[in-house]
Amino acid sequence: MRAPLLVLIGLLCAGPARAAENPAAPPAPVAPSADPTQVRPGSYVLDPDHGKVTWSVSHLGYSTYYGQFTGLSGALQLDPKAPEKSRLEVTVPLGGVITGSARLNEHLAAPDFFDTAKFPTATFTATKVEPTSPTTARITGDLNLRGTVRPFAIDATFNQAGIHPVDQRYTVGFDGRAVVKRSDFGINAYLPQLGDEVSLRIEGEFKAAP
């Protein structure tokens, strides 16, 4: 009888140890969702590393020239159940324009164009968010560029939201498109040979505010 008793005692003692060696696996992280109704409401800040505006303009009719603004900052107040109540403010540093040409970068910063010594930033403040489909919206507001304020509209597309795999922060991602007429803001250099309408492609990843 001693042998079976010893086996039983051994099994009872080993049970907790085995449980410790094989703890329950942690729950798998929730996959990002492309369903806008699942987005967490609240305050968000724009990730400066993933907030960019890529612009293009006709270059004297010979080509389409591209450049980019980086290092944007912004704040988003998001209400997915009532998108029309959402709010957005974005600041674009004009002095950091990237074109691939140091000489052109300097020229764009000069009074002919952005005059960054006087006007270092442009700002956009949304005044209305109008859903156009389950994942798109037209965002209208005021664009302040070179000290001139004009109505401005962005056609935005919701991409997805979820825990970002790199920084583990809850993130909401959007793309946008817009067109701005530079002469509306007093940027008249080389008109009409150099294009007046500037096409914008906008990228924004917003992190949930702490």
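For the structure itself, consult the block above.
Notes on the structure in this doc start here. (Residues numbered from 1 in each chain as written. Predicted model: local features only at pLDDT ≥ 70, side-chain atom pairs only at ≥ 80, totals over all residues. Heavy atoms only, no water.)

## Some points on the pattern of salt bridges
Basically, it comes down to this: A side-chain nitrogen of Lys or Arg and a carboxyl oxygen of Asp or Glu constitute a salt bridge if their distance falls within 4 Å. To qualify as a helix, a DSSP run of H or I must reach at least 4 residues; to qualify as a strand, a run of E must reach at least 2; elements of each kind are numbered from the N terminus. For each residue, the accessible area found with a 1.4 Å probe, counting protein chains only, is set against the maximum for its type, and the residue is called buried under 20%, exposed over 50%, and partly exposed in between.
Within the structure shown, the criterion is met by two salt bridges. When the shortest N-O distance is used, the salt bridge between R138 and D155 registers 2.7 Å. Taken together, the residues R138 in strand β6 (residues 136-145) and D155 in strand β7 (residues 148-163) connect sequence positions 17 residues apart. When its relative accessible area of 39% is taken as the criterion, D155 is described as partly exposed. Close ionic contact of D167 with K207 constitutes a salt bridge, the shortest N to O distance being 2.9 Å.

## A short note on the environment of A153
Note the cut-off: Only heavy atoms matter for contacts: two residues are in contact if any of them lie within 4.5 Å across the pair.
Relative to the helices and strands, A153 is located in strand β7. Between the C-alpha atoms of A153 and G141, which are 12 residues apart in sequence, the distance is 6.4 Å. Discounting chain neighbours no more than four positions away, the residues touching A153 are R138, I139, T140, R177 and A178.

## Observations concerning the environment of L143
Within the secondary structure, L143 is located in strand β6. Those residues in contact with L143, other than ones at most four positions away along the chain, are T123, F124, T148, V149, R150, F152, V180 and F185.

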